[in-house]
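Geometric and topological summary
So the chains spell out like this:
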Amino acid sequence: MAEYKVPLKDMGFLLNEVFKADEMWQKIPKLAEQVDKETAQAILQECAKISEQVIAPISRQGDETGVSFKDGVVTTVPGYKEAFSTYAEGGWSGLGGDVEYGGMGMPKVITAMHEEMLCSADISFALYPGLTAGAALSLAKHGSEALKERYLTRMYSGEWAASMCLTESHSGSDLGIIRTKALPQEDGSYSITGNKIFITGGEHDLTENIVHLVLAKLPDAPAGPRGISLFLVPKFNVNDDESLGERNHVSCGSIEHKMGIHASATCVMNFDGAQGYLIGELNKGLNCMFTMMNFERIGVGIQGLGAAERSYQNALEYAKDRIQGRALTGAKSPEQAADSIMVHGDVRRMLLNMKSLNEGSRALSSYIAMQLDYATYGEGEEQVKGEALVALMTPIAKAFFTDLGFESAVAGQQVLGGHGYIREWGQEQLVRDARIAQIYEGTNGIQAMDLLMRKVAGSKGEMLAVFTTEVNAYIEANKADAAMAEFINPLAQAITDLNELTTDLLTKSQANKNELGASANDYLHVLGYTAMAYIWAKMAKVSQAGLENNGDSGQDFYKAKLHTARYYFTRILPRRLSLIASANSGCDCMFDIDDELF
Ligand SMILES: Cc1cc2nc3c(=O)[nH]c(=O)nc-3n(C[C@H](O)[C@H](O)[C@H](O)COP(=O)(O)OP(=O)(O)OC[C@H]3O[C@@H](n4cnc5c(N)ncnc54)[C@H](O)[C@@H]3O)c2cc1C
């Protein structure tokens, strides 16, 4: 496998030139105290080092060995403990954490780039700190002072890790039917009993304690999602002097053997009257969990990008070296037995698909992360707008980026031909590791329903209008610029078509709700490709200016960006046309066939 190189130049381009992040940070007091352009650059450079030099090198061995389980004890793979200590000692576990409790308070746009690096290096490894950061966010927002003081600091320091315990064997997408019970105790705590499955990092040997966030119901709770509460259940209880106390009644029953992410422990967790502490209000557990889930869903989307970037780097290195066949227009390297496979249109198609989708995903995820920063730290109109855009874009980040991530992982494998299928080159590991991101943290089907039913139809189109208004303003501002016409015209058409499709689907769904379920996946991708076109147009504009304003040294970067932007608009954006046709085709072709006829 090619040595992983963090795309730092592209990240700097996005932060400093496309989104001008520093200008935003300096306007928001809470961010201005923590970060500026130089700090951000130093952080990304340091994170690149640990990703390239400490984590990427252990990924292959981790995949080969896999986690092991014996008598309730989960042992992680060789090298993980040392790498995790190095990671924790560097303060990375608290990168986005609340400064009052020892976090570094970095904006999401920085932590998102950090997550991409970790995921390119090794998704399995990235899951342990990723879940801890998500759990910490939920605790910081909804936990009592006492819980925060006791647990948050040590989660940020990396001394303790966390897990997220939602799924039960009969309850995955539908959390309203969970059976785990919480009984109130005289001391104000709760006794938690039930079984959870598929729990990432539920048990391991990387940290001395694990903080489980568990969904459970009180016996008299309302039925369905409105009766769910959230509890903090530590693996080891904590004494008043902060030392570790007795082992709590929570244990790992077994681990799963799975297609990919072999070095990530996926655990069956048994809670047998474990002591737990309420987070937030009773029966409002799903709201608290959604704080974590919104954060995690962007992070899971970025897992797709992480695998895709690694796949591109491998495939490109291989394609440059591999010689097979001749260019259709005549031998390009007659002195060799054959030409490099880079001469073949189909190989260039695969590489450019990956390149344009990866750079587009990185840019769109940075845009969404900045909206999350406005929503978290901003004020007034900017904050309200940020919240609407985060709500709209979170299912897109999760589902669109992971679908594209898997597409790119497979495309990279295809570039390597048979060598992509055998283990030696590491390409097949990326395909196996990338696949899960489409499934967990709410399947991509559930994300599509969330987008179309809850966000778009639920707000009667208002949430979508927040986005299209911004894009229309950009189109208006640039429509007189002849050099931008090749980007602005198709973007304007894409927005018109998106609005039309939205109106058609919402109208049809009034007669038959199945219209939404039948078209949700297509709709999510139409909106995803359109949003990515907006971001590619912005990158093209900045690159045109970059070409004019920079001497020879910077030219290649901007030239490559402009070529890739053109590729996106001419070869990728038209995908939306077939998706629109499918979405518009109606639900009858799906529902007219009786179940027995399947
Ligand atoms: C490796 C791994 C790690 C995981 N880590 C965690 C973890 O840390 N914590 C945790 O709590 N869980 C975890 N999960 C569980 C994961 O989140 C669930 O598997 C996932 O949410 C889907 O639930 P399910 O498997 O029960 O599928 P189901 O809910 O049974 O879904 C089956 C199919 O039906 C579709 N479907 C279901 N309902 C609807 C609907 N209303 N509309 C449209 N389509 C629908 C789904 O999209 C899917 O295609 C993990 C799973 C795996 C495999």
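The next thing to look at is the overall build of the protein chain. In terms of helices and strands, the protein chain carries 19 helices and eleven strands. For 598 residues, the compact-globule formula gives about 25 Å, and the C-alpha radius of gyration of the protein chain, at 24 Å, lands near that figure. Seen along its three principal axes, the alpha-carbon backbone of the protein chain occupies a region of about 80 × 60 × 60 Å. Long-range contacts, defined as pairs at least 24 residues apart, comprise 74% of the intrachain contacts of the protein chain with a sequence gap of at least 6. In the structure as shown, the protein chain presents an accessible area of about 24,600 Å², 52% of it carried by carbon and sulfur atoms.

One finds Trp25, Phe467, Tyr523 and Tyr568 to be the most contacted residues of the largest nonpolar core, which totals 148 residues. Of the residues forming this core, the biggest block, 17 residues, is contributed by helix α16 (residues 514–549). Setting aside its immediate chain neighbours within four residues, Phe467 contacts Tyr367, Leu389, Leu392, Met393, Leu527, Ala531 and Tyr534. Leu131, Leu139, Ala162 and Leu175 belong to the second largest nonpolar core, which has 30 residues in total.

For the rest of this paragraph, the subject is helix α1 (residues 8–18). Listing the buried residues of α1 in full gives Asp10, Met11, Phe13, Leu14, Leu15 and Val18. Positioned one or two residues after α1, Lys20 has a phi angle of 45 degrees, which is positive.

On to the packing of helix α14 (residues 462–478) against α16, then. Where α14 contacts α16, the axes come no closer than 12 Å and their chain directions differ by 35 degrees. For α14 against α16, the interelement crossing comes out left-handed. Every residue of α16 that contacts α14 at Leu464, Phe467, Glu470, Val471, Tyr474 and Asn478 is listed here: Tyr523, Leu527, Ala531, Tyr534, Ala537, Lys538 and Lys541.

Quick look at the site of the ligand now. Around the ligand there are 17 residues in total, and Met164, Thr167, Ser173, Phe198 and Thr443 lie nearest to it. Here Thr200 contributes a side-chain N or O atom positioned 2.8 Å from a nitrogen atom of the ligand. Between the ligand and Glu441, the relevant distance is 3.5 Å, taken from an oxygen atom to a main-chain nitrogen or oxygen of the residue. Starting from 970 Å² of accessible surface for the ligand in isolation, the protein chains cover 62%. Looking at the shell around the ligand element by element, the count peaks at three residues for strand β5 (residues 190–200). The residue inventory of the shell around the ligand, partitioned by class, reads eight nonpolar, seven polar and two charged.

Here we take up the pattern of salt bridges. Enumeration over the complete set of coordinates arrives at 33 salt bridges. In this structure, Asp339 and Arg326 form a salt bridge, with 2.9 Å as the shortest nitrogen-oxygen distance. Pair noted here: Asp339 is in the loop between α9 (285–321) and α10 (345–377) and Arg326 is in the loop between α9 and α10, with a separation of 13 residues, a long-range link. On the basis of relative accessible area, Asp339 is assigned to the buried category, the value being 0%. Judged by its relative accessible area of 31%, Arg326 falls in the partly exposed class. When the shortest N-O distance is used, the salt bridge between Arg575 and Glu407 registers 2.9 Å. Taken together, the residues Arg575 in helix α18 (residues 575–584) and Glu407 in helix α11 (residues 380–415) connect sequence positions 168 residues apart. Salt bridges linked by common partners bring Asp10, Glu116, Glu309, Lys355, Glu359, Arg362 and Lys561 together as one network.

Note on placement: Asn314 falls in helix α9. Overall, Asn314 belongs to the buried group, its relative accessible area being 5%. Here the side chain of Asn314 touches Gln427 through a polar contact of 2.9 Å, side chain to side chain. When neighbours within four sequence positions are excluded, Asn314 is seen to be in contact with Met1, Ala2, Leu416, Gln427 and Leu430.

Looking now at α18. Those residues of α18 that fall on the buried side of the exposure criterion are Arg576, Leu579, Ile580 and Ala583. Taken around the axis of α18, the buried residues stretch over an arc of 105 degrees, which confines them to a single face. Tucked into the core, α18 has its buried residues touching α15 (485–511) and α16. A positive phi of about 90 degrees marks Gly586, the residue just after α18.

All right, on to the pairing of β5 then. Of all eleven residues that make up β5, eight are buried, and the element is covered over most of its length. Inspection of the sheet shows strand β4 (residues 181–184) paired to β5 by four bridges, in the antiparallel sense. The residue bridging Leu183 from the neighbouring strand is Ser191, located in β5. Connecting β4 to the antiparallel partner β5 that follows it, the hairpin turn spans five residues, and Gly188 within it adopts a positive phi of roughly 95 degrees. Judged from the nine bridges that link them, β5 and strand β11 (residues 266–279) form a sheet pairing that is antiparallel. Paired with Ser191 across the strands is Gln275, a residue of β11.

Let's shift gears to a negative patch on the surface. Among the surface-exposed residues, Asp588, Asp592, Asp594, Asp595 and Glu596 lie close enough to one another that they form a single negatively charged patch. When you line up the elements, Asp592 lands in the segment after α19 (588–591).

All right, on to the environment of Glu382 then. Turning to its location among the elements, Glu382 is positioned in helix α11. With eleven residues separating them in the primary sequence, Glu382 and Gln371 have C-alpha atoms 8.8 Å apart.

This brings us to the environment of Cys589. Mapped onto the fold, Cys589 is located in helix α19. Considering only alpha carbons, one finds Cys589 and Tyr277, 312 residues apart in sequence, at a separation of 49 Å.

Quick look at the packing of aromatic side chains now. Taken as a whole and judged by the stated rule, the model has 20 aromatic pairs. With 5.1 Å between their ring centres and 70 degrees between their planes, Phe13 and Phe557 make a pair best called edge-to-face. Separated by 544 residues along the polypeptide, Phe13 in helix α1 and Phe557 in helix α17 (residues 552–572) bring together distant segments of the chain. You'll find Phe13 and Phe557 in the same group, each marked buried. Grouped by ring-pair contacts, the aromatic residues Phe19, Tyr367, Phe467, Tyr474 and Tyr534 constitute a single cluster. Residue placement shows Lys9 over the ring face of Phe557; its charged tip is 5.0 Å from the ring centre. Seen from the ring of Phe406, Arg435 lies directly overhead, with NZ or CZ sitting 5.6 Å from the centre.

What counts and what doesn't
- Residues numbered from 1 in each chain as written.
- Predicted model: local features only at pLDDT ≥ 70, side-chain atom pairs only at ≥ 80, totals over all residues.
- Heavy atoms only, no water.
- Helix = DSSP H or I, 4+ residues; strand = E, 2+ residues; numbered from the N terminus.
- Rg over C-alpha atoms; globule rule 2.2 N^0.38 Å.
- Contact = heavy atoms within 4.5 Å.
- Areas by Shrake-Rupley, 256 points an atom, 1.4 Å probe, with all protein chains shown as cover.
- Core = buried A, V, L, I, M, F, W, Y, C linked by side-chain atoms within 4.5 Å.
- Buried < 20%, exposed > 50% of the residue type's maximum accessible area, 1.4 Å probe, protein only.
- Axes fitted to C-alpha atoms, helices over the stretch in contact; angles between N-to-C directions.
- Left-handed = near helix turned anticlockwise from the far one by under 90°.
- Near = heavy atom within 4 Å.
- Polar contact = N/O pair within 3.5 Å; in protein donor to acceptor, adjacent residues only side chain to side chain.
- Nonpolar A, V, L, I, M, F, W, Y, C, P; charged D, E, K, R; others polar.
- Salt bridge = Lys/Arg side-chain N within 4 Å of Asp/Glu carboxyl O.
- Arc of directions from axis to C-beta.
- Pairing = 2+ DSSP bridges.
- Patch = residues over 30% accessible without salt bridge, like charges linked within 9 Å, V, L, I, M, F, W, Y side chains within 5 Å.
- Lys, Arg positive; Asp, Glu negative; His and termini not counted.
- Charge placed at Lys NZ, Arg CZ, Asp CG, Glu CD.
- Phe/Tyr/Trp six-rings, centres within 6.5 Å; stacked < 30°, edge-to-face > 60°.
- Lys NZ or Arg CZ within 6 Å of the ring centre and 35° of its normal.

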